[in-house]
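Listed below are the residues making up each chain.
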Amino acid sequence: MSSKLRFSSKRFLLTLMLCACSVILLQNYDLSPNASFTFNLICVASGLAICFVLFIPAIIIKSRTNLDFLTVAAVKTPRLKIPIAVFYSVYFIFTAEFFLLPYTDMFRKKYYYDVTPCLIAALLLITCVYAAIKGVNVITRFGIFLFAFAMLTNILMFGGSLGQMDFSLNTFELTGGFPDYIRNTLYFVTPAFIAVLFACLSGKTKNFRIRQTVFALIFTGVKYALVLFFIWFALGAYAQRQEYQTFLLSRAAHFSSFGGIESFYLALATMSVFMIISLMLCAVTKSVKRESDLKTVIIFVVILFAAHACGTYLNSVKEILTNTTVFVIFTAIAAAVIPSAYIFAGRKSNARKALHNITMS
Amino acid sequence: MNNSLSEILSELKADFRNSADLTIRDFTLKSKNNIKAALITIEGMCDKEQLAQSAINPIMSYDFGALDGEEAADKALSSVLASSDVTVFYTKAELITFITSGFAALLIDGAEKMFAIGVQGYSFRGVAEPESEVVQRGSREGFTEPLRVNMSLIRRRVKNPDLVFEQATVGSGSRTQLMLCYLQSRVSQKLLIKLRKRLKECDLDTVLASGYLSEYLEDKSSSRLFSGVGISERPDTVCGKLTEGRIAIIVDGSPAVIIVPRLFVEEFQGVDDYSNRTYYAAFIRVTKYLSFFLAVYLPGLYVALAQFHPEYFPTTILIKTSESLAQTPLPVTLEVLAITFVYEIMKEAGLRIPKSLGHAVSIVGALVIGESAVNAGIISSSTLMVVATAAICGYVTSPLYPPVTMLRFIYIIIGGIFGLWGIVLATAVMIISMCSKTSLGVPYMSSLAPFSLRTMRDVFVRADWKTLSKRIIRVQRFAETEVDE
Amino acid sequence: MRAKLCIILLCLSSLTLTGCQSSGKIETASIIENVSIAEDNGKICYTFYTLTGGDKPWGIKIPASSFESACDLAEREYIPNLSLSKLELLMIEDTLVDKVMKNDIEYISTQPSFSPAALVTLCDKKTIEKFAETTREQNLIEEQLILLKNNNPEVNISYLSVFNNFESDKNSEFTVGYITCGEELSVNEKKLKKD
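Reference entry: report on the structure contained in this document.

Criteria and thresholds
- Residues numbered from 1 in each chain as written.
- Chains lettered and ligands numbered in written order.
- Predicted model: local features only at pLDDT ≥ 70, side-chain atom pairs only at ≥ 80, totals over all residues.
- Helix = DSSP H or I, 4+ residues; strand = E, 2+ residues; numbered from the N terminus.
- Contact = placed C-beta atoms within 7 Å.
- Buried ≥ 20, exposed ≤ 12 C-beta atoms within 10 Å, placed from the backbone.
- Pairing = 2+ DSSP bridges.
- Core = buried A, V, L, I, M, F, W, Y, C linked by C-beta atoms within 7 Å.
- Domains from an automatic or database assignment.
- Axes fitted to C-alpha atoms, helices over the stretch in contact; angles between N-to-C directions.
- Nonpolar A, V, L, I, M, F, W, Y, C, P; charged D, E, K, R; others polar.
- Expected span 1.5 Å × (residues − 1).
- Parallel < 35°, antiparallel > 145°, perpendicular 65-115°, else oblique.
- Left-handed = near helix turned anticlockwise from the far one by under 90°.
- Right-handed = clockwise from strand over helix to strand, strands pointing away.

1. With respect to the overall build of chain C
Per the secondary structure count, chain C includes six helices and eight strands. Moving toward the C terminus, one meets the helices and strands of chain C in the order α-β-β-β-α-β-β-α-β-α-α-α-β-β. Of the contacts formed within chain C by residues at least 6 apart in sequence, a portion of 59% connects residues at least 24 apart.

2. Here's the deal with the overall build of chain A
Each helix and strand in chain A was counted, giving 15 helices and two strands. Here the C-alpha coordinates of chain A stretch approximately 65 × 40 × 40 Å along the principal axes. Expressed as a percentage of its 361 residues, the buried residues of chain A come to 53%.

3. Digging into the pairing of strand 1 (residues 30-40) of chain C
All names here are of chain C. Among the 11 residues that make up strand 1, nine are buried, leaving the element largely enclosed by the rest of the structure. Here strand 1 runs beside strand 2 (residues 43-50); their pairing, made up of eight bridges, is antiparallel. Paired with Glu39 across the strands is Ile44, a residue of strand 2. Where strand 1 hands over to strand 2, the hairpin turn is made up of two residues, of which Asn41 adopts a positive phi near 50 degrees. Pairing between strand 1 and strand 5 (residues 89-93): four bridges, direction parallel. Residue pairing across strands places Ser36 opposite Met91, the latter belonging to strand 5.

4. A few points about the nonpolar core
Of all hydrophobic cores here, the largest spans 255 residues; its most connected members are Ala195 and Ile277 of chain A. A total of 18 residues in this core trace back to one element, the largest contributor, which is helix 11 (residues 262-288) of chain A. Both of domain 2 (131-262) and domain 3 (276-436) of chain B provide at least three residues apiece to this core. Discounting chain neighbours no more than four positions away, the residues touching Ala195 of chain A are Cys51, Leu54, Phe55, Ala58 and Ala335 of chain A.

5. Some details on the sheet that holds strand 5 (residues 86-89) of chain B
All names here are of chain B. Strand order in the open sheet formed by five strands is 1-3-6-7-5, with antiparallel pairing between adjacent strands. Two strands in the sheet have a free side with no partner beyond their single neighbour: strand 1 (22-28) and strand 5. Here the average twist between neighbouring strands, direction ignored, is 20 degrees. Relative to strand 6 (residues 104-108), strand 3 (residues 36-42) runs antiparallel, the two being bridged by four bridges.

6. What about the interface of chain C and chain B?
Each partner contributes residues to the interface: chain C has 16 residues there, and chain B has 18 residues. Of the residues assigned to the side of chain C that touches chain B, the class counts are six nonpolar, seven polar and three charged.

7. Looking at the interface of chain A and chain B
If you look at the interface, chain A gives 27 residues, while chain B gives 21 residues. Elements represented by at least two residues in the side of chain A that touches chain B include exactly strand 1 (7-8), helix 5 (117-134), helix 6 (136-161) and helix 11 of chain A.

8. Quick word on the environment of Met346 of chain B
Summarising the element assignment, Met346 of chain B is placed in helix 11 (residues 332-352). According to the C-beta neighbour criterion, Met346 of chain B is partly exposed, with 18 such atoms within 10 Å.

9. Notes on helix 11 of chain A
An α-helix turns once per 3.6 residues; consequently, residues spaced three or four apart project the same way. For helix 11 of chain A, which comprises 27 residues, the first-to-last C-alpha distance of 39 Å matches the rise-based estimate of 39 Å (1.5 Å per residue) to within 8%. In terms of burial, helix 11 of chain A is a largely internal element, 26 of the 27 residues being buried.

10. What about the packing of helix 6 of chain A against helix 14 (residues 401-436) of chain B?
At a minimum axis separation of 9 Å, helix 6 of chain A and helix 14 of chain B run at an interaxial angle of 120 degrees. In this view, helix 6 of chain A runs oblique relative to helix 14 of chain B, as classed from their interaxial angle. By crossing handedness, the relation of helix 6 of chain A to helix 14 of chain B is classed as right-handed. Seen from helix 6 of chain A, the contacting residues are Val138, Arg141, Phe142 and Phe145 of chain A; seen from helix 14 of chain B, they are Ile431, Ile432, Cys435 and Ser436 of chain B.

11. What about unusual backbone geometry?
Of note, the amide linkage connecting Val260 of chain B to Pro261 of chain B takes the cis form, showing an omega dihedral of -10 degrees. Looking at the element boundaries, Pro261 of chain B is found in the loop between strand 12 (257-260) and helix 9 (278-308). Here the residue pair Ala449 of chain B and Pro450 of chain B is connected by a cis peptide bond, since its omega of 10 degrees sits within 30 degrees of zero. Tracing the chain through its elements places Pro450 of chain B in the loop between strand 14 (442-443) and helix 15 (465-470). With a phi close to 55 degrees, Tyr244 of chain A is a non-glycine residue in the positive phi region.

12. Focus: the pairing of strand 5 of chain C
Of all five residues making up strand 5 of chain C, four are buried, and the element is well covered by its neighbours. Crossover strand 5 of chain C to strand 6 (residues 119-123) of chain C through helix 3 (residues 97-110) of chain C is right-handed.

13. Some points on the packing of helix 4 (residues 81-110) of chain A against helix 11 of chain A
All names here are of chain A. Here helix 4 crosses helix 11 at 170 degrees, and the two axes come no closer than 9 Å. It follows that helix 4 is roughly antiparallel to helix 11 by the angle criterion. Contact with helix 4, carried on its side by Ala85, Tyr88, Ser89, Phe92, Ile93, Thr95, Ala96, Phe99, Leu100 and Tyr103, involves Ala269, Val273, Ile276, Ile277, Met280, Ala283, Val284, Ser287 and Val288 of helix 11 and no other residues of that element. Of the residues in the contact of helix 4 with helix 11, the class split is 16 nonpolar, three polar and no charged.

14. A few points about helix 9 (residues 210-235) of chain A
Its 26 residues place the ends of helix 9 of chain A 37 Å apart at the C-alpha level, agreeing with the 38 Å of an ideal helix rising 1.5 Å per residue. Directly after helix 9 of chain A, the chain includes Gly236 of chain A, whose backbone phi takes a positive value near 60 degrees.

Next comes the structure, spelled out in structure tokens:
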């Protein structure tokens, strides 16, 4: 794959949108039970608005320099190269675990009850190594197929649930307090990790427009709203009896006697997690080296696997790695605080010159 | 020719190790200087009658008077040789190339130049419809073995001086001739340079068929499961591809013409699509994609569901499948693998067996292995049906048969070990591998990934001719190609 | 060579450690289609009917105090490869409503391996006896319940609705299907108090 080749920014944002959608796909009823559907819609809107705010520094850097944040940081502050690399490496490993742990947990609880989660994680990570070596461009191409498959799965999942719709199961009333608002909004800010991915990997894209980000977040919001709507009005209280509500939705969906839509859900969840982790590996190698190479990717995969093993067998580690609040704070620092510092501070003339030279080249 | 005629002839004989098919007819021209001359041919490669009429008779009856060797050669070229195809050459290497290609070489003692007279007359298979690419409507002509005949089949369809045939030779031992064929105004120069370089790097000793070259034309880092090199035996298909900026390589002695670059979506396009009504062409296209999917996944999914998720089968199918599988001795994965493998054996036998015995083999296959094995409870009817459906679907997109067969086996094994999850993960890897593949710098999955709406008019559907003819999309114009200009 | 060795080792370890070898194979799995709960000699009995293509239903009667313990016992001692992922109908004898209904349905609703599409209905003793005779009766009851649900939006017995009724604060009572067997089977509605 030619590393010099720049690919469409539209496709990159489509891939990031699919990554953002996987948050609701692996939803484990982290939402406040007191909040109504309408209340949650407001939380979705607020959460995604915050996501957009977190996107702004990366958008500014991309628009000004047409480079990714990591390159800009390396040029502007060569001395801070190592701290920045360490911070982002830790962040990407944390994010990858944030998705990998619920995925293997869901997998064990819902599909193969006897499975060893670590081995499932190991196999998944090995395939991710292959994708990460191929690069971001190829992963975004994969995103196109995943998008088509996600459309099909959503049509089946929502279409199959239409027969069970019952508006008497829940109300459209606006119920929920301020703590519920904070808790749920925080949950809907988790897709902001795509802002960090965008900041770190957007250097390889061309024809970027701000509206692409807006559309990606709007579509993510629509997906969230649809999933919540069907969980509320097709599953009703049944949704609260088990974990992984989107899985339940796909399991309950059926067309006449034809069911088994959860197999589509499994495929979509697997491929989404595969794509997220592959992108994370690309980003993590980008934060350490400019171009991805097998050795670096393997080192990070080993670290990821070790973290996963700890998370699986040590509950305290799992609590930290899947904690939404920690994740959102971490994301806010990675997406907004550090890049903003580079936008507002460090406007040294020699750094700008160097940056200008790179941009021109 | 710096040496004397006798020296050249003895060198030639030595080069050919006194081979029996090297025919040297030496004679003396009617002249005052008694100039010696020789006609060199390879036995069986020249039309003797044509040779007599165009060369032997005129040159032996012509009176060259007091001319010396060089002047006699000039005279022979300008006034004596009665052939439309005479090429002048000067070296022994060229001499060998010409005579081994079926030309007759005329050598005159004392003359520096030599003549190659186009009197090729070897026997070859006539132009016939290719069996592997049969069409309902469209030309019944297919390529044959001789290079020149194949060139004429293309030239007859593209009567445009823009069409270029560029000669090259590959194979240090066989010295096989090949022709690069392209439309000068449409082809990407970068692509052409890349292709010439690849051919130059080809270090084969013998090239007996176009397939030998395919591997050398593939991009190095690309996955080799799917081929980035197209093959066609139809001149109309090749001409169609040339108009899109592609390059055809005609290899002497092979009816299969190479077309590069080759994209995945092309495997689903057929000549008939462009003759049929658009709605029907679209239906056929969708059928082909569905068949490809079934051919690759059906046995694997069947195994995965039967092993891990029987509840996904609809109730009636589940009852019948479980009853029929319960009576067979092998586990479902092994059973599917075994039947698929037996089918491949039968297919190979069917291809190699003499036609007169083919009928007997099909009876044995259908009755003995099929019906009797099911009745005896050795294999289950549902498994047989799944494997047979996948096998038939595999032939709908016949150029993809090799990767489809391999993937089928892979998915059966993965489905049997890891179930549906394994198949999903393997699919992700396969898609990544296909998306990273390039064919001479053009992304193999172009039109789909990278997605391009304007090229989608000829992917899942075939737009009407008014739309298609508005702008021909050249291959270098696909997104993210390395041969864009 | 090293890579190939790694792949082989990985395949072997995956085979043995991932748990894939203990999969529910189609030919050996006992897929349960219907379950009836009835009182027999003062004991609560759970009868598991497997999926069958024949006319005669094949069921195993297991005395137990709850559906959970019946499932455990069945899997341990009677039906080794028990699968309830295709459960279509759960019939409860009307006299056992107070004893088992709430607990059993709550148990079903929390199990991911159970089908969420199962229908739950009450019936009299005679219906349960008839239910054990032919598969035709089982199919008939299912059809009648679906008709009842389709024609009467008040009836929320069919899948998931029962769980919602137990959970919802809005209704103090809910409607379920009730099958009685006179000369012919008849399906009616029955109102039940939530507690």
